[in-house]
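Each chain, written out:
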Amino acid sequence: MKKSICFIVFLSLLFSFPSYAHSIKTLRVTATAYNSVRAQTNHKPNLTAWGVRLKPGMKAVAISRDLLHKGLKKGSRIKIQGLTGEYTVLDKMHRRWRNKIDIYMGNDVKAARKWGKRTVTIHILN
């Protein structure tokens, strides 16, 4: 009797951990795009809130500050549904935004407008 109860507890723990880990590694967020132009930022459009200097061609994202409590931080690497490659968290957004990422698209304003606003799944790699 005791062995069967221990076995059941063991199995329930075994199958609950992977789903818990998966929920931390994957998030559904609103994704928009931004450029390093003064009209969208400030007088230092290439400088992030964390002091990182952005250059066109970098695969970078800004995150809403609430995502800092969901496993993302400066330097986190992510994959974004609908885009190829890995992106690095290098910027943070104003406090008013929630559950949102902003994808850096250099100076290509047309590409940012084409991206628009979407709901995507992101996978946290580290």
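Within each chain, residue numbers correspond to sequence positions counted from 1 in written order. It should be noted that, the model being predicted, local features are given only for residues of pLDDT at least 70 and side-chain atom pairs only at 80 or more, the latter also being counted only at that level, while totals for whole chains, interfaces and linings use all residues. Here the side-chain values reflect all heavy atoms present in the structure, with hydrogen atoms and water set aside.

**Overview of the environment of valine 109**
- What counts as a helix is a DSSP run of H or I of at least four residues, what counts as a strand is a run of E of at least two, and both are numbered from the N terminus. For valine 109, the position within the fold is in helix 2 (residues 109–115).
- Between the C-alpha atoms of valine 109 and asparagine 35, which are 74 residues apart in sequence, the distance is 6.3 Å.

**Focus: the pairing of strand 3 (residues 77–80)**
- Covered by surrounding structure in strand 3 are Ile78 and Ile80 only, the residues Arg77 and Lys79 on the alternate face being uncovered.
- Whether two strands pair comes down to DSSP finding at least two bridges between them. Bridge analysis of strand 3 against strand 4 (residues 86–92) gives 3 bridges, and the strand direction is antiparallel. Counterpart to lysine 79 in the pairing with strand 4 is glutamate 86.
- Where strand 3 folds back onto strand 4 in an antiparallel hairpin, the turn is made up of 5 residues, including glycine 82, whose phi is positive at roughly 95°.
- Examined bridge by bridge, strand 3 and strand 6 (residues 118–124) share 3 bridges and lie antiparallel to one another. Residue pairing in the sheet places isoleucine 78 in a bridge with isoleucine 124 of strand 6. Type-normalised accessible area, obtained with a 1.4 Å probe on protein chains alone, sets the label of each residue: buried when under 20%, exposed when over 50%, and partly exposed for intermediate values.

**A word on the sheet that holds strand 3**
- Reading around the circumference, 1-5-2-4-3-6 is the order of the 6 strands in this closed barrel, with mixed pairing throughout. This sheet shows a mean twist of 45° between the axes of neighbouring strands, independent of strand direction. The axes are straight lines fitted to the C-alpha atoms, using for helices just the contacting stretch, and the angles between their N-to-C directions are given from 0 to 180°.

**Thoughts on the side chain of aspartate 102**
- Relative to the helices and strands, aspartate 102 is located in strand 5 (residues 100–104).
- This buried residue, aspartate 102, is left without a salt bridge; lysine 100 holds the nearest opposite charge, at 5.5 Å.
- A polar atom in the side chain of aspartate 102 sits 3.2 Å from the backbone nitrogen of alanine 33.
- Any two residues whose heavy atoms approach within 4.5 Å are treated as being in contact. Aside from chain neighbours lying at most four places away, what touches aspartate 102 is Thr32, Ala33, Tyr34, Ala60, Val61, Ala62 and Met93. In this tally Asp and Glu are treated as negative and Lys and Arg as positive; neither His nor the chain ends contributes. The term salt bridge refers to a side-chain nitrogen of Lys or Arg lying within 4 Å of a carboxyl oxygen of Asp or Glu. For this analysis, a polar contact is any N or O atom pair within 3.5 Å, provided that within protein one partner can donate a hydrogen and the other can accept it, and provided that sequence-adjacent residues contribute only side-chain to side-chain pairs.

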